[in-house]
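# Inside the fold
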Amino acid sequence: MMPWSIRRGSTTIVELFTIFGAVTGVISLLFTNGMLFFASCLLLVFGLYPRWYLNYISKHFSFENEKEKVYLARGSSGELRLSFANHAKLPVVFATVELAVDDHVHIGGVKKWIGKQYQFEISLKASNNQSFSLPIEALTRGVAKVKNLKVKLYDPMHLLSLTLSQDFIRKEVVIYPEQKPVRGSETLKLPIEGDHPHPTSLFQDVTSPIGTREYLPSDPLKHVHWKASARTGQLQTKIFEKTVGMTWTFVILLSKELTKAARLELENQLSYVATLCHEASQRGIDTEIFINTKPMGRSLVHHLEAGCDRHHVIKAMEFLALIQPVQIKTLPLEALREMDRTFRERRVILIIDQVRQTAPFRFYQKWLKNGHALYFIDPEGMIIPISAGGERLAT
């Protein structure tokens, strides 16, 4: 539990109550006036109780700053939970919570202040924990961080306030790219001899049965083709297309400065990458992503290592969400040179090229000669093969 930064509000009113109460008390004692003494006591209560109450509550009030990520697709809605605890034996009668959040999301059902500030009201019973759910809408791809949390406590008479603040909030909203349909994903395959799948491949695309054969005792029961078995009167096993241990490698090359049109184009292309990552996971194909943005350390590119399970897809979506045009870029040739050193096994390489220079084509030609299959992902969602000369094939 992180400590609060405390800022006290104006104390002019309670100070006046305290002064008038003290003066009235002295006069009541000098003149032995019961009514004046009662008035002085009442004034002193108004002057002293708000300070004592806020000091007491602030020492027993906490924010449960547990790490939390909310994952949303662009255009979808969700909830952001903030939990507070009142360990005091008195209730928090009235308080306001203010927070800031990046423009990638909008918080609904609360008062919005100027800029990115939001405010809502809370109250807590004595010795009570309570979570408040804020409806959020994902507006644009990115990572929206919650920051500058302020809780303004008031005494029951609203005479005095005290503000508790924390700058480091361990909550963020990750907004995935919107998935958009891609044309041509069925053509993604490695170059092989002839028109038939490689007979010695160790991997199969279980979503693409291409025929049947007689059942063998070693065949998994889930691969039995029941309709074909009923038709022939003998157990038949599905034959699947071989994938040769395929990996889909996405190479994203960003130019140093992106125009507004280029940013819109990039958003579409990242949506296509998101779609292909989900499709590859369903087909049991590994995916990895390279982008020529400079991370901390010696590496020249950001890299998401290969994988295909559900957790890897989540990592891929978060990786795509973190891509921002303002990031520091590595020169394309230096980035491609570092990527090239990792391309040992043959793979399908899908390229998003915002640089549009001729220099990268020497790497494309090298990768084609090394047995990799290369494709461009164009802004319209079409997957276009790259020929041996480094040019796009006619479609």
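To keep things clear, this report deals only with the structure shown in the data block. Computed from a predicted model, the values in this text were never measured in an experiment. The residue count restarts for each chain, going from 1 along the sequence in the order it is written. The predicted nature of this model means local features are confined to residues of pLDDT at least 70 and side-chain atom pairs, given and counted, to a pLDDT of 80 or more, with totals for whole chains, interfaces and linings taken over all residues. In computing side-chain values, all of the structure's heavy atoms are included and hydrogens and water are not.

A run of H or I in DSSP becomes a helix once it reaches four residues, and a run of E becomes a strand once it reaches two; helices and strands are each numbered from the N terminus. Looking only at helices and strands, the chain has 7 helices and 19 strands in total. As a reference, a globule follows 2.2 Å times the number of residues to the power 0.38, and the radius of gyration itself is taken over C-alpha atoms. Scaling as 2.2 N^0.38, a compact globule of 395 residues should have a C-alpha radius of gyration of about 21 Å, whereas the chain reaches 32 Å, well beyond that. Considering only C-alpha atoms, the chain reaches an extent of 115 × 60 × 35 Å along its principal axes. When accessible area is computed with a 1.4 Å probe and restricted to protein chains, residues below 20% of their type maximum are described as buried, those above 50% as exposed, and intermediate ones as partly exposed. Counting the 395 residues in the chain, one finds 45% classified as buried. The long-range share in the chain, meaning contacts at least 24 apart out of those at least 6 apart in sequence, stands at 73%. Entry remark: accessible area of the chain is about 21500 Å², with carbon and sulfur atoms responsible for 57%. Side-chain charges in the chain split into 48 positive and 38 negative, and the spacing between the mean points of these groups amounts to 4 Å. Note on definitions: a residue-residue contact is assigned when non-hydrogen atoms from the two residues lie within 4.5 Å. Shrake-Rupley sampling with a 1.4 Å probe provides the accessible areas, and residues are treated as covered by the protein chains on show and by no other component. Asp and Glu count as negative and Lys and Arg as positive, but His and the ends of the chain are not part of the count. Throughout, a charge is located at the NZ atom of Lys, the CZ atom of Arg, the CG atom of Asp or the CD atom of Glu.

Okay, the sheet that holds strand S14 (residues 247-253) next. When DSSP finds two or more bridges between a pair of strands, those strands are recorded as paired. With respect to topology, 6 strands assemble into an open sheet ordered S16-S15-S14-S17-S18-S19, the strand pairing being mixed. Edge strands, defined here as strands with exactly one partner in the open sheet, are strand S16 (302-307) and strand S19 (383-385). The mean angle between the axes of side-by-side strands here comes to 20°, regardless of whether they run parallel or antiparallel. Two elements, S14 and strand S17 (residues 348-353), share 6 bridges in a ladder whose sense is parallel. Within S17, the residue paired with Val 251 across the bridge is Ile 351. Note on geometry: axes are C-alpha line fits, over the in-contact stretch for helices, and angles between N-to-C directions span 0 to 180 degrees. Packed onto the sheet, helix H4 (residues 260-282) meets S14, strand S15 (286-291), S17, strand S18 (373-377) and S19 and runs at close to 165° relative to S14. Running over the sheet, helix H7 (residues 361-369) touches S14, S17 and S18 and is turned about 140° from S18.

This paragraph deals with the packing of H4 against helix H5 (residues 310-321). Axes are the key here: two packed helices are described by the angle between their axes and the distance separating the axes. Where H4 meets H5, the axes come as close as 10 Å, and the angle between the chain directions of the two elements is 175°. When the interaxial angle is binned, H4 and H5 end up roughly antiparallel. Residue-level inspection shows Leu 270, Val 273, Ala 274, Cys 277, His 278 and Ser 281 of H4 in contact with H5, the latter providing Val 313, Ala 316, Met 317 and Leu 320. By the convention adopted, Pro, Cys, Tyr, Trp, Phe, Met, Ile, Leu, Val and Ala count as nonpolar, Lys, Arg, Asp and Glu as charged, and the other residues, Gly among them, as polar. Along the lines of polarity and charge, the residues of the contact of H4 with H5 split into 8 nonpolar, 2 polar and no charged. For classification purposes, an angle smaller than 35 degrees is called roughly parallel, one larger than 145 roughly antiparallel, one from 65 to 115 roughly perpendicular, and anything else oblique.

Residue Ser 127 is not a glycine yet carries a positive backbone phi of 50°. Along the chain, Ser 127 falls in the loop between strand S8 (117-124) and strand S9 (128-138). With phi around 55°, Asn 148 is a residue other than glycine that occupies positive phi space. With respect to the element layout, Asn 148 can be found in strand S10 (residues 142-154).

Relative to the assigned elements, Gly 115 resides in the loop between strand S7 (111-112) and S8. According to the relative accessible area criterion, Gly 115 is partly exposed, its value standing at 48%. Through-space distance from the C-alpha of Gly 115 to that of Asp 103 is 9.1 Å; in sequence the pair is 12 residues apart.

Quick look at the packing of helix H1 (residues 12-30) against helix H2 (residues 34-59) now. Where H1 contacts H2, the two axes come as close as 7 Å, and the packing angle between them is 155°. Here H1 lies roughly antiparallel to H2, going by the angle between them. Considering the relative orientation of H1 and H2, their crossing is left-handed. On H2, the residues touching Val 14, Glu 15, Phe 17, Thr 18, Phe 20, Gly 21, Ala 22, Thr 24, Gly 25, Ile 27, Ser 28 and Leu 29 of H1 are Leu 36, Phe 37, Ala 39, Ser 40, Leu 43, Leu 44, Phe 46, Gly 47, Leu 48, Pro 50 and Arg 51. Grouping the amino acids of the contact of H1 with H2 by side-chain chemistry returns 14 nonpolar, 7 polar and 2 charged. Two helices cross in a left-handed way if the nearer one is turned anticlockwise from the farther one by less than a right angle. They cross in a right-handed way if the turn is clockwise.

In terms of residue burial, S15 counts as a mostly covered element, since 5 of its 6 residues are buried. Of the strand pairs in this sheet, S14 and S15 are connected by 6 bridges, and their pairing is parallel. Looking across to S15, one finds that Thr 249 is bridged to Glu 288. Of the pairings in the sheet, the one linking S15 to S16 comprises 4 bridges and is antiparallel in character. The residue of S16 that forms the bridge with Phe 290 is His 303.

Below, the discussion takes up the pattern of salt bridges. The term salt bridge refers to a pairing of a side-chain nitrogen on Lys or Arg with a carboxyl oxygen on Asp or Glu at a separation within 4 Å. Inspection of every chain in the model, using the stated rule, returns 11 salt bridges. Between Asp 102 and Lys 147 there is a salt bridge, with the nearest N and O atoms lying 3.0 Å from each other. Of this pair, Asp 102 sits in the loop between strand S5 (92-101) and strand S6 (105-107) while Lys 147 sits in strand S10, and the two are 45 residues apart along the sequence. Note on Lys 147: relative accessible area 30%, which makes it partly exposed.

This part covers the packing of aromatic side chains. Two rings from Phe, Tyr or Trp (for Trp, the six-membered ring) form a pair when their centres sit within 6.5 Å of each other. Planes less than 30 degrees apart are called stacked, planes more than 60 degrees apart edge-to-face, and all others tilted. Summed over all chains, the structure comprises 18 aromatic pairs. Judged by centre distance (5.5 Å) and plane angle (50°), the rings of Phe 94 and Tyr 154 are tilted. Residue Phe 94 is found in strand S5, and its partner Tyr 154 is found in strand S10; the two are separated by 60 residues along the sequence. Connected via pairs of aromatic rings, a cluster forms that spans Phe 290, Phe 343, Phe 361, Phe 363, Tyr 364, Trp 367 and Phe 376.

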